[in-house]
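Residues per chain, in single letters:
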Amino acid sequence: MDILQNLVHMTGQRDHLRLEFSVLSTLLQLPDITQVRALEIHPFEDQYWVRPRTWLEEGQLVNTDVDFLHDPQRVALNTLPALQEGLAAKRERIAWQACTGQYILWLPVWMREQARVCIEITQSAEFSSHDLDILLAIFQVYRNYQSLLDYSERDALTGLLNRKTFDEHLLRLSNASKHTDKGQQPWLVVIDIDHFKQVNDRYGHLFGDEVLILVANLLRSSFGSQHRVFRFGGEEFVILLQAMTLDAAFTALEHFRQAVQNYEFPQIGKITVSLGFSGAHMHAPSPTQLLSQADEALYYAKENGRNRVCHYETLQALGVFNKQEQITHDDVELF
């Protein structure tokens, strides 16, 4: 009965983290289980890395608020060869017996041919057929509901995260800034496709939609899965970059700008993008003000030649912004 109540509770969740807590709590109701963890998997520097995102500690489920790249618990995936081999073979479940005598079952969450999350279950006894039936049934409910949540959080056209999920991700990023190395901080980036209205007017909305999809693909290939990319609507995109130095952030954004500039868009040819960004350090202003700052840097880029990357704090130090003026314009929505 406890398991059924937990399943009911699981399907009442409305975000991925609470859903993750719920499924791990449900699994802990089963006998013989000594540890449950949700593992996060990301590519970085030509290899895959894995770290525990949620786990059982002193009888309580806890989760990390450290960003992926700076988490001391992060290890290379090749240090877990059984898991690495199973993921490479795209298996639905991966079993392994540790040298400590513990039995481990990994259940990857496959979405769009990729597994970025894996549920890890550790037992003191070998998994029986009955155990596996129950575990897989619970996991299937979790995976199906996570797919529904993922679908509701994605932009239908580009597959990027949508605007309604932005606040939660920004709050997590701001919290993670407390654990970053000196000289590094997360960054909020606002991107706008230059003269996009002319594309729609001249070629039609079908070609305009194709441009949006291709720009979204360039964003994915440029920033990978460790950063969060959103479509805000129209031709506006937002990126939440994990902690890095100003030089590294500017280099990454400039690389993306050049990738768009050099890309040959079918029928249309060349387009460009303008970018504005601001630092989300631990003493940064509120999320609304932070977004407004990145918007101001973007607006400056668009008003001064377009096809460029502008950093808010640098422009502010140069005295570009009049603190008494409120920037209002039609290209970017401030809120």
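First, a word on scope: everything that follows refers to the structure included in this document. (Residues numbered from 1 in each chain as written. Predicted model: local features only at pLDDT ≥ 70, side-chain atom pairs only at ≥ 80, totals over all residues. Heavy atoms only, no water.)

**Thoughts on the pairing of strand E9 (residues 185-193)**
Moving on, step 1. Burial within E9 is extensive, with nine of its nine residues counted as buried.
Moving on, step 2. Where E9 lies against strand E11 (residues 236-244), seven bridges are found, and the strand directions are antiparallel. Following the sheet pairing, Val189 is matched in E11 by Ile239.
Moving on, step 3. Bridging between E9 and strand E12 (residues 273-279) involves seven bridges; their strand directions are antiparallel. Paired with Ile191 across the strands is Leu275, a residue of E12. (Buried < 20%, exposed > 50% of the residue type's maximum accessible area, 1.4 Å probe, protein only. Helix = DSSP H or I, 4+ residues; strand = E, 2+ residues; numbered from the N terminus. Pairing = 2+ DSSP bridges.)

**Description of the environment of His311**
Moving on, step 1. The residue His311 is located in strand E13 (residues 309-311) in this model.
Moving on, step 2. Remark: the alpha-carbon pair of His311 and Gly279, spanning 32 residues in sequence, is separated by 8.7 Å.
Moving on, step 3. Those residues in contact with His311, other than ones at most four positions away along the chain, are Trp187, Leu246, Phe277 and Ala297. (Contact = heavy atoms within 4.5 Å.)

**Overview of the packing of aromatic side chains**
Moving on, step 1. Enumeration according to the criterion identifies eight aromatic pairs in this entry.
Moving on, step 2. Between Phe166 and Phe232, the ring centres sit 5.1 Å apart and the planes meet at 85 degrees, which makes this aromatic pair edge-to-face. Placement of Phe166 in helix H5 (residues 166-176) and of Phe232 in strand E10 (residues 228-233) is noted, with a sequence separation of 66 residues between them.
Moving on, step 3. Residue Phe166 is classed as buried on the basis of its relative accessible area, which comes to 2%.
Moving on, step 4. Since its relative accessible area comes to 11%, Phe232 is described here as buried.
Moving on, step 5. These aromatic residues form a ring-pair network of at least three members: Phe166, Phe230 and Phe232.
Moving on, step 6. The lysine or arginine in question, Arg74, covers the ring of Trp49, its NZ or CZ lying 4.1 Å from the ring centre. (Phe/Tyr/Trp six-rings, centres within 6.5 Å; stacked < 30°, edge-to-face > 60°. Lys NZ or Arg CZ within 6 Å of the ring centre and 35° of its normal.)

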